[in-house]
Amino acid sequence: MIRLAFKNFIRSGGVRVGLALLLVAGVVSLFIGRQFLDRQAQAIADVRAYQQTDFARNIAIHKDELGLLLYYLKFSLVNPSLPLSGLSLGQRDVNPSIQSVTIRALESQRYDADLTNPANLLLGNLDFSFVLIYLFPLLVIACCYNLVSDERENGTWKLIVVQQPDVMSVIYRLYAIRVGVILGVLAVLLVLAVLVLNLPVDGALAGFAGMSVLYVLFWAAVCFWVTSLRKQSSVNALLLVTGWLGLIVLLPTLLNTYIVARYPTPEALETTLTARKGYHEKWDTDKQQTMQAFFAHYPQFRSIPPPKLAFNWPWYYAMQQLGDDDAAKSANALRQKVAQREMVSRQLARFIPPLHTQLQLNELAGSGLSNQLRFQTATGRFHEELRLHFYQTMFTDTPVSAENWNRFDVKTFRDNAPSDTLVGLLPLLAFILLFVGVGWLTFRKTAAMA
C-alpha cells in the first residue's frame, strides 16, 4: 500500500511541478550565493591592492610631512565572509564587510558603507535561506493540506478504516512519504551547496542542515495538526496559508514595529551632529584648551610642546580626537540600543519559528547583526591602535622614511564568538512536539470516523 501511495503521490502533475520549481529556485539561490562570495573575495583583493598602491603614491607625495600623509592614508580592516554566508546573506548586503579608516575622528567613518540600489534592498536576495523560509513551507502545505480530508471527501477513507486495523499507522506513513520527498529535495540542495560554495563539512554546516530540517518538520507538524481537525480540504488550505502569512509576514512585521518603537535611536543623528560639532568648533577655540582636553584623554602625551604656530598637526589630531570624545556618550548609547534591539528580537523570535530560524541561520553564517556589532567594536580597537602608534611617531617628529610602512597590510577580523547551535534548535523542537502531540491526540479521536 505504501509503495502504491508513493507512486500516486509522485506521479501527480502538481507535485512534480512544485518539486521542480523548488529545486530550480534552490539551485538559483546557490549560484546567487556563489556570486556574492566571489564579489566579497574580489572586494578584499581590490582593497589589498589599493592600499599598497595608495600608500606608495601618498608616501612619495607627502614624504616630508607625516601629519599630512596620515590625513590621506586609509587602513583597512576586513570582516571576511564565511562560506556559509553564501547560503544566508543576512545583513551582509547592507552592512560593510570592509572598514577603511584614517586616524582622524572615528565616528564620522564608522558607518561608511557602499552605495546600494535601494530597489534591490527592497526586493531582497533570493538566497538559500529565502527559499527555505518562504518557499519550502508552501510546498509542505500544498502536499499535506488534503491528506485525510481528500480521502473522506472522495469516500475512500471508509475502505481504509475497514481494511486497516491501525489507522494511525496509515496516516503516519502517508505523511512520511510527503515529508520524506520534500526533505529529499532539501538534502539534494544542501549537497549541491557543498559543491557550488565549497563549504567545509564541519559543525557549522551540520547545525545549518539540522536547523533547515527542523524548520521543514515544523511546517509538517503544523499541517499534521490542522489536518487532524477533520475540516474540509479547502478549510485546511485556508488555515495553513493564513498561518503561513501570519508567521512569516505579519508577526515579524509586528515584532519589528514594537522593537523600533520600544528602542528608538535618536542617538544616530545626535552622534553625527555632536562629532561634527565637537571637531569643527575647535577651530575657533583656544588651542591650549584643546590640548589640555586632549592630554586629559591621553596623559602619556603631556610632554608635547604647546602649539606656537597658527596650525600644527598635533593640535589638528587633538581636535579630531575631541570630536570623538564629545560624541562618545551618544555613540555608546546608540550601540547599546542596537544591541538591545538585537537581543530582544532574538528572545521574542523564539516564539516565531520562521524568524527564529532566519536569525539562527544568519548567526551560523556569520551574517547577522551580532557579527556586525562585534566587527564595529573591533574597528574601534583597530582605529585606537593606529592612533596610539601614529600619535607617538607624529608627536616626536619621526620622519616618514623612518616608518616601516610595509607592515601596515590589510588586517582581518576574526569573529570567535561562541555559537550554541543545540540551544538554537530547542524552540523548533518544542513547537514540533507540541503540534505533533496535539495532532496525535485529535487524530486518535477522529481518524476512525468516515
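Residues numbered from 1 in each chain as written. Predicted model: local features only at pLDDT ≥ 70, side-chain atom pairs only at ≥ 80, totals over all residues. Heavy atoms only, no water.

**Notes on the overall build of the chain**
Per the secondary structure count, the chain includes 16 helices and 3 strands. In terms of principal-axis extent, the alpha carbons of the chain reach across some 105 × 40 × 35 Å. Within the chain, counting contacts between residues at least 6 apart in sequence, those at least 24 apart form 84% of the total. Counting every atom, the chain has about 22,500 Å² of accessible surface; 62% of that belongs to carbon and sulfur. Where the 40 positive side-chain charges of the chain centre and where its 32 negative ones centre are 11 Å apart. (Helix = DSSP H or I, 4+ residues; strand = E, 2+ residues; numbered from the N terminus. Contact = heavy atoms within 4.5 Å. Areas by Shrake-Rupley, 256 points an atom, 1.4 Å probe, with all protein chains shown as cover. Lys, Arg positive; Asp, Glu negative; His and termini not counted. Charge placed at Lys NZ, Arg CZ, Asp CG, Glu CD.)

**With respect to the sheet that holds strand S3 (residues 411–412)**
Strand order in the open sheet formed by 3 strands is S2-S1-S3, with mixed pairing between adjacent strands. Edge positions in the sheet fall to strand S2 (98–101) and S3, since each has one partner strand and no second. Of the pairings in the sheet, the one linking strand S1 (residues 75–78) to S2 comprises 4 bridges and is antiparallel in character. What sits directly across from leucine 77, in S2, is glutamine 99. In this fold helix H2 (residues 13–61) packs onto S1, S2 and S3, with an angle of close to 165 degrees to the strand it touches most, S1. Of the strands in this sheet, S1, S2 and S3 touch helix H15 (residues 369–395), which is tilted by about 150 degrees from S1. (Pairing = 2+ DSSP bridges. Axes fitted to C-alpha atoms, helices over the stretch in contact; angles between N-to-C directions.)

**Regarding helix H14 (residues 353–365)**
Helical geometry note: an α-helix holds 3.6 residues per turn, so side chains three or four residues apart project in the same direction. Given a rise of 1.5 Å per residue, 13 residues ought to cover 18 Å, and the 18 Å separating the end C-alpha atoms of H14 matches this to within 8%. Taken across its 13 residues, H14 has 12 buried, putting it largely inside the fold. By the burial criterion, the buried members of H14 are Pro353, Pro354, Leu355, His356, Thr357, Gln358, Gln360, Leu361, Asn362, Glu363, Leu364 and Ala365. Lining the buried residues of H14 we find helix H5 (128–144), helix H9 (203–227), helix H10 (233–262), helix H13 (313–348), H15 and helix H16 (421–446). Within two residues after H14, glycine 366 carries a phi angle of roughly 65 degrees, on the positive side. (Expected span 1.5 Å × (residues − 1). Buried < 20%, exposed > 50% of the residue type's maximum accessible area, 1.4 Å probe, protein only.)

**Overview of the nonpolar core**
If you look at the biggest cluster of nonpolar residues, it comprises 70 residues, and the most contacted ones within it are Leu87, Phe128, Phe136, Ile171, Phe218 and Trp219. Among the elements that take part in this core, helix H8 (residues 167–196) stands out by supplying 15 residues, more than any other. (Core = buried A, V, L, I, M, F, W, Y, C linked by side-chain atoms within 4.5 Å.)

**Things to note about a positive patch on the surface**
On the surface, Arg3, Lys7, Arg11 and Arg16 cluster together into a patch of positive charge. With 3 residues, the single largest contributor to the positive patch is helix H1 (residues 2–11). Of note, arginine 16 is situated in helix H2. (Patch = residues over 30% accessible without salt bridge, like charges linked within 9 Å, V, L, I, M, F, W, Y side chains within 5 Å. Salt bridge = Lys/Arg side-chain N within 4 Å of Asp/Glu carboxyl O.)

**Let's talk about H13**
Its 36 residues place the ends of H13 50 Å apart at the C-alpha level, agreeing with the 52 Å of an ideal helix rising 1.5 Å per residue. A bend of about 55 degrees at alanine 328 is the largest found in H13. The N-cap residue of H13 is asparagine 312: its side-chain oxygen and the backbone nitrogen of tryptophan 315 are 3.1 Å apart. (Bend = angle between axes of the 7 residues up to and from the residue. Polar contact = N/O pair within 3.5 Å; in protein donor to acceptor, adjacent residues only side chain to side chain.)

**Some words on unusual backbone geometry**
Of note, the phi angle at asparagine 198 is positive, near 55 degrees, even though the residue is not glycine. With respect to the element layout, asparagine 198 can be found in the loop between H8 and H9. Of note, the phi angle at arginine 230 is positive, near 60 degrees, even though the residue is not glycine. Here arginine 230 shows up in the loop between H9 and H10.

**Section: the UniProt feature "transmembrane region" (unreviewed entry) in the chain**
On the UniProt side, "transmembrane region" (unreviewed entry) is annotated at positions that read residues 12–32, 128–148, 175–197, 203–226, 238–261 and 422–443 here. Helix makes up 81% of residues 128–148 and strand 0%. Its end C-alpha atoms lie 31 Å apart. (UniProt positions renumbered as here; feature names shortened; annotations may be inferred.)

**Considerations on the pattern of salt bridges**
Under the definition given, this model contains 14 salt bridges. Here aspartate 54 makes a salt bridge to arginine 57, at a shortest N to O gap of 2.8 Å. Here aspartate 54 pairs with arginine 57, and both are found in helix H2, just 3 residues apart, close to one helical turn. Under the relative-accessibility criterion, aspartate 54 is labelled buried at 5%.

**Quick notes on the packing of aromatic side chains**
Scanning the model with the defined rule gives 35 aromatic pairs in all. Ring geometry for tryptophan 283 versus tryptophan 315: centroids 5.4 Å apart, planes at 85 degrees, classification edge-to-face. Pair noted here: tryptophan 283 is in the loop between helix H11 (267–280) and helix H12 (287–297) and tryptophan 315 is in helix H13, with a separation of 32 residues, a long-range link. Relative accessible area serves as the criterion here: at 38%, tryptophan 283 is assigned to the partly exposed category. Judged by its relative accessible area of 2%, tryptophan 315 falls in the buried class. What links up through ring pairs into an aromatic cluster is the set Tyr71, Tyr72, Trp283, Trp313, Trp315, Tyr316 and Tyr317. Here the guanidinium or amino end of arginine 104 rests over the ring plane of tyrosine 71, the centre of that ring lying 4.0 Å away. A cation over an aromatic ring shows up here: lysine 287 above the ring of tryptophan 315, its NZ or CZ 4.6 Å from the ring centre. (Phe/Tyr/Trp six-rings, centres within 6.5 Å; stacked < 30°, edge-to-face > 60°. Lys NZ or Arg CZ within 6 Å of the ring centre and 35° of its normal.)

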